[in-house]
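Chain by chain, the residues:
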Amino acid sequence: MDFDRAVKIAPSILSADFADFGKEIEAVEAQGCDWVHVDIMDGHFVPNLTFGPALCAAIRKHIKTVMDVHLMISPADAYIQAYANAGADVITTHIEAGPHSHRTMQAIRSAGCKAGIALNPATPAASIEYLLDMVDLVCVMTVNPGFGGQKFIHSQIEKVRNLRAMIGDRPIHIEIDGGVTPETAPLVVAAGADVLVAGSGVFKGGSVENSAVYGNNISAIRAAAGV
Ligand code: DX5
Ligand code: ZN
């Protein structure tokens, strides 16, 4: 995976048809998305459950772009190798998920993946200051993790701006996760974000049979953000 700061749209399959992930992924990729975002929830770190490494391995062969795995689980370390084996390109864990994020980032890179660290809305940007030389991506949660379709939390725009300044020239993506729409995308892009995760914002109104809607939703986000 080469690094660049071009704005990328990463549909979250949390908003796709759970009975048809393979076709849903092929549809959003055909409609022009850049990455595919996979939300893993454990019913403990967040109040919702999704799926695990076996499902990730099964859908991997349908992903031609980048498999971006967001672990909303605690503890996370014991599962990193399993998600790497499942074919993750990026593995992101939460700074709030345990006391040893420094070790976790090392473990993700040692497993051959890009390392991401996610921050919940209440967590300050400064909490990851001493991780910046070990991460490839910072994920700013613009909703409280656990569910799709929630309202964007505007206070996080300032956090993105602060992180962008902290990152400087380092090759680190800033990813936004939650509530991305044509209304909110320009705000986070202007603040310095380059990967926009969008679940309901991409999948709403469409289906595998009517996938042009996915393309229209992706284009509307890009156009609003001016990218
Ligand atoms: C929330 C997940 C998000 C979610 C985003 O816990 O991490 O990736 O799917 O969904 P929308 O775009 O609908 O807010
Ligand atoms: Zn996510």
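Here is a short report on the structure shown in this document. (Residues numbered from 1 in each chain as written. Chains lettered and ligands numbered in written order. Predicted model: local features only at pLDDT ≥ 70, side-chain atom pairs only at ≥ 80, totals over all residues. Heavy atoms only, no water.)

**Section: the pairing of strand S4 (residues 90-94)**
Quick reminder of the rule: Exposure classes here rest on a 1.4 Å probe applied to the protein chains alone. A residue is buried below 20% of its type maximum, exposed above 50%, and partly exposed in between. Secondary structure counts use DSSP, requiring at least four H or I residues in a row for a helix and at least two E residues in a row for a strand, with both numbered from the N terminus. In this analysis, strands are considered paired if DSSP registers two or more bridges between them.
Among the five residues that make up S4, five are buried, leaving the element largely enclosed by the rest of the structure. Here S4 shows a buried face lined by Val90, Thr92 and His94 and a second buried face lined by Ile91 and Thr93. Looking at chain direction, strand S3 (residues 67-72) and S4 are connected through three bridges and run parallel. Counted as the bridge partner of Asp68 is Val90 from S4.

**Here we look at the state of the cysteines**
Convention followed: Throughout, disulfides are identified as pairs of cysteine sulfur atoms within 2.5 Å of each other.
Tallied over the full model, the rule gives zero disulfides. Between Cys56, a free cysteine, and Cys113, which holds the nearest cysteine sulfur, the sulfur-to-sulfur gap is 11 Å. Under the relative-accessibility criterion, Cys113 is labelled buried at 7%.

**Here we look at helix H1 (residues 21-30)**
To be explicit about the condition: The contact rule is simple, with two residues in contact once any of their heavy atoms fall within 4.5 Å.
Counting buried residues in H1 gives seven out of ten residues, a clear majority hidden from the surface. Within H1 the residues assigned to the buried category are Phe21, Gly22, Glu24, Ile25, Ala27, Val28 and Glu29. Here the buried face of H1 lies against strand S1 (8-11), strand S2 (36-41), helix H2 (53-60), helix H7 (200-203) and helix H8 (212-225). Positive phi shows up at Gly32, right after H1, with a value of about 100°.

**Overview of the coordination of the zinc ion (ligand 2)**
In plain terms, the rule: Donors, by definition, are the N, O and S atoms found within 2.8 Å of a metal, the threshold being 3.2 Å for Na, K and Ca, and water is not counted, so a site can look incomplete. Irregular is the label for any site that misses the other tests, which are tetrahedral for four donors with all angles between 85 and 135 degrees, and square planar for four donors or octahedral for six when opposite donors exceed 155 degrees and the remaining angles lie between 65 and 115.
Listed as protein donors to the zinc ion (ligand 2) are His37 (NE2), Asp39 (OD), His70 (ND1) and Asp177 (OD); their distances from the metal cover 2.0 to 2.3 Å. Around the zinc ion (ligand 2) sit six donor atoms; with metal-centred angles ranging over 69 to 170°, the donor geometry is octahedral. In this structure Asp177 comes out as buried when scored by relative accessible area, which is 8%.

**Focus: the pattern of salt bridges**
Cut-off, in case you're wondering: When a carboxyl oxygen of Asp or Glu lies within 4 Å of a side-chain nitrogen of Lys or Arg, that pair is called a salt bridge.
Scanning the model with the defined rule gives five salt bridges in all. For the salt bridge of Arg222 with Asp34, the shortest nitrogen-to-oxygen distance reads 3.1 Å. On the criterion of sequence distance, the pair formed by Arg222 in helix H8 and Asp34 in the loop between H1 and S2 is long-range, its members being 188 residues apart. Its relative accessible area of 25% is what places Asp34 among the partly exposed residues. The partner of Asp136 in a salt bridge is Arg109, with the nearest N and O atoms 2.9 Å apart. Taken together, the positions of Asp136 in the loop between strand S5 (114-119) and strand S6 (137-141) and Arg109 in helix H4 (residues 101-110) put the pair 27 residues apart, joining distant regions of the chain.

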